[in-house]
Amino acid sequence: MEKWMDIRSMTKEELEETLQGAGEKKFRAAQVYGWLHQKLVRTMEEMTNVPLSCKEALLKEHPLYGVTELERQVSAIDGTMKFLFGLHDGNTVESVLMRYKHGNSVCISSQAGCRMGCRFCASTLLGLERNLYPSEMLDQIYAIQRATGERVSHVVVMGTGEPFDNFEALCRMIEIVSGKEGLNIGQRNLTVSTCGLVPEIYRFADRNPQVTLAISLHASNDRVRRELMPVANKYSLEELMEAANYYVSHTGRRITFEYSLVKGVNDHKEQARELAELVRGMNCHINLIPVNPVKEREYEQSEQKHVAAFRRMLEKRHIQVTVRREMGRDISAACGQLRKGYKERSRNV
Ligand code: SAH
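Described in the following lines is the structure provided in the data block. (Residues numbered from 1 in each chain as written. Predicted model: local features only at pLDDT ≥ 70, side-chain atom pairs only at ≥ 80, totals over all residues. Heavy atoms only, no water.)

## A look at the site of the ligand
Taken together, 16 residues form the shell around the ligand, and within it Phe120, Ser193, Ser216, His218 and Asn292 come nearest. The separation between an oxygen atom of the ligand and a polar side-chain atom of glutamate 258 is 3.2 Å. When the free accessible area of the ligand is taken as 530 Å², the share hidden by the protein chains comes to 94%. Of all elements in the fold, only β8 (190-194) and β10 (255-261) reach the threshold of two or more residues within the shell around the ligand. (Near = heavy atom within 4 Å. Polar contact = N/O pair within 3.5 Å; in protein donor to acceptor, adjacent residues only side chain to side chain. Areas by Shrake-Rupley, 256 points an atom, 1.4 Å probe, with all protein chains shown as cover. Helix = DSSP H or I, 4+ residues; strand = E, 2+ residues; numbered from the N terminus.)

Right under this line is the structure:
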């Protein structure tokens, strides 16, 4: 185990190891783990049945990290909530709670910032600050469940950051949040969204085969994809689709392709046709997202009639397609803008 590993990022076995190494009883690990991952306490003091010697033994070796709420926006339309959380080193991350009929879904960030450079995305404008620890991903979920008192039933890793650029921490977070001694959120209720890091798609398929994978496609050919997403210079669509096919055949899970519609760039009828061709015969679902304009970028949202036409073209070709319902329209600053605004404001004071 790494020396830096913080207490909330540790598995129960790792806690056991640490406590036993310090001469403490093994069963204390289960207590500590339960306080952290089921009762969702914020501090060691709240663990009332754990002796001080145990707490001190842990804290001597490892820090306890979590997140602190800095700002909250609530949609008057549908109750969607956007949170800005502070990390122990002054970095910030955004998370969103969406309330659906089927349960509460939390969208979490996997990195502070991002280095993927997608042209339409606000999260990448300031670059990557650092990877999040598993605890910091988990605590976004925990903090929201604590703040609302409502059970979180679904988690989507679609906030700031590229989850596959923080691969090991992501897998650890999944293990803990889906574990019986944690929140026990079924892997089928977890979605990870990637911009398309091909080697990690294979690794992920082998490690977490029940999780839903979403791939940000955003284009039907390499030329347009390279214009929008620098990662497309590294991996061709052919390689990406091969990896996607591996995920589907290896896991038996339907894959989601995200396609943000940008006016005049990727919303032509011919592109819908090309897209249908690209995914033909695959167990997949396409999620069309009218692009959320970011003020630093010139891209505009496709007109509604073009979105509808694009959708019809796909439906006609028997491709499963939905247009993402916009949640929290009144607070729908594009992803990453709450964090960016906060950083800019705090720099100016
Ligand atoms: N890095 C991961 C996950 C984070 S982004 C990924 O790329 O998939 C989550 C989704 O929102 C991605 O599909 C991303 O391309 C999309 N997105 C980012 N900025 C957007 C914007 N301004 N409008 C619409 N979709 C956007």
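## What about the side chain of glutamine 140?
Position of glutamine 140 among the secondary structure elements: in helix α4 (residues 134-148). Classification of glutamine 140 by relative accessible area gives buried; the value is 0%. Separated by 2.9 Å, the side chain of glutamine 140 and the backbone nitrogen of serine 109 make a polar contact. In this view, glutamine 140 contacts Val67, Phe85, Val93, Glu94, Ser95, Ile108, Ser109 and Leu132; residues no more than four positions away in its chain are not counted. (Buried < 20%, exposed > 50% of the residue type's maximum accessible area, 1.4 Å probe, protein only. Contact = heavy atoms within 4.5 Å.)

## Things to note about the side chain of serine 95
Structurally, serine 95 can be placed in strand β3 (residues 92-100). One polar contact links serine 95 to glutamine 140, side chain to side chain, over a distance of 2.8 Å. Other than its neighbours up to four places away in sequence, serine 95 contacts Met81, Lys82, Phe83, Phe85, Cys107, Gln140 and Ile144.

## Things to note about the environment of glycine 186
Position of glycine 186 among the secondary structure elements: in the loop between α5 (167-178) and β8. Separated by 109 residues in the primary sequence, glycine 186 and lysine 295 have C-alpha atoms spaced 38 Å apart.

## Regarding the environment of leucine 19
By the element assignment, leucine 19 lies in helix α1 (residues 12-21). Judged by relative accessible area, leucine 19 falls into the buried class, the value being 1%. Residues leucine 19 and leucine 58, 39 residues apart in the sequence, show an inter-C-alpha distance of 6.9 Å. Sequence-distant contacts of leucine 19, defined by excluding residues within four places in its chain, comprise Glu24, Lys25, Arg28, Ala29, Cys54 and Leu58.

## Re the pattern of salt bridges
According to the stated counting rule, one finds 21 salt bridges in the structure shown. The residue glutamate 136 makes a salt bridge to arginine 130 at a minimum N-O spacing of 2.9 Å. Accessibility expressed as a relative area gives 15% for arginine 130, which makes it buried. The shortest N-O distance in the salt bridge between arginine 203 and glutamate 168 comes to 2.9 Å. Note that arginine 203 is positioned in helix α6 (residues 198-207) and glutamate 168 in helix α5, a separation of 35 residues in sequence. You can call arginine 203 partly exposed: its relative accessible area is 35%. On the accessibility criterion, glutamate 168 (43% relative accessible area) is partly exposed. Three or more residues joined by partner-sharing salt bridges are found here, namely Glu168, Glu200, Arg203 and Arg207. (Salt bridge = Lys/Arg side-chain N within 4 Å of Asp/Glu carboxyl O.)

## Brief notes about the sheet that holds strand β9 (residues 212-216)
Pairing within the open sheet is mixed, and its 10 strands lie in the order β1-β2-β3-β4-β7-β8-β9-β10-β11-β12. A single partner strand is all that each edge strand has here, and the edge strands are β1 (68-74) and β12 (321-323). Ignoring which end each strand starts from, the neighbouring axes of this sheet average 20° apart. Most of the contacts of α5 go to β8, to which it runs at about 170°, and overall it touches β7 (152-157) and β8. (Pairing = 2+ DSSP bridges. Axes fitted to C-alpha atoms, helices over the stretch in contact; angles between N-to-C directions.)

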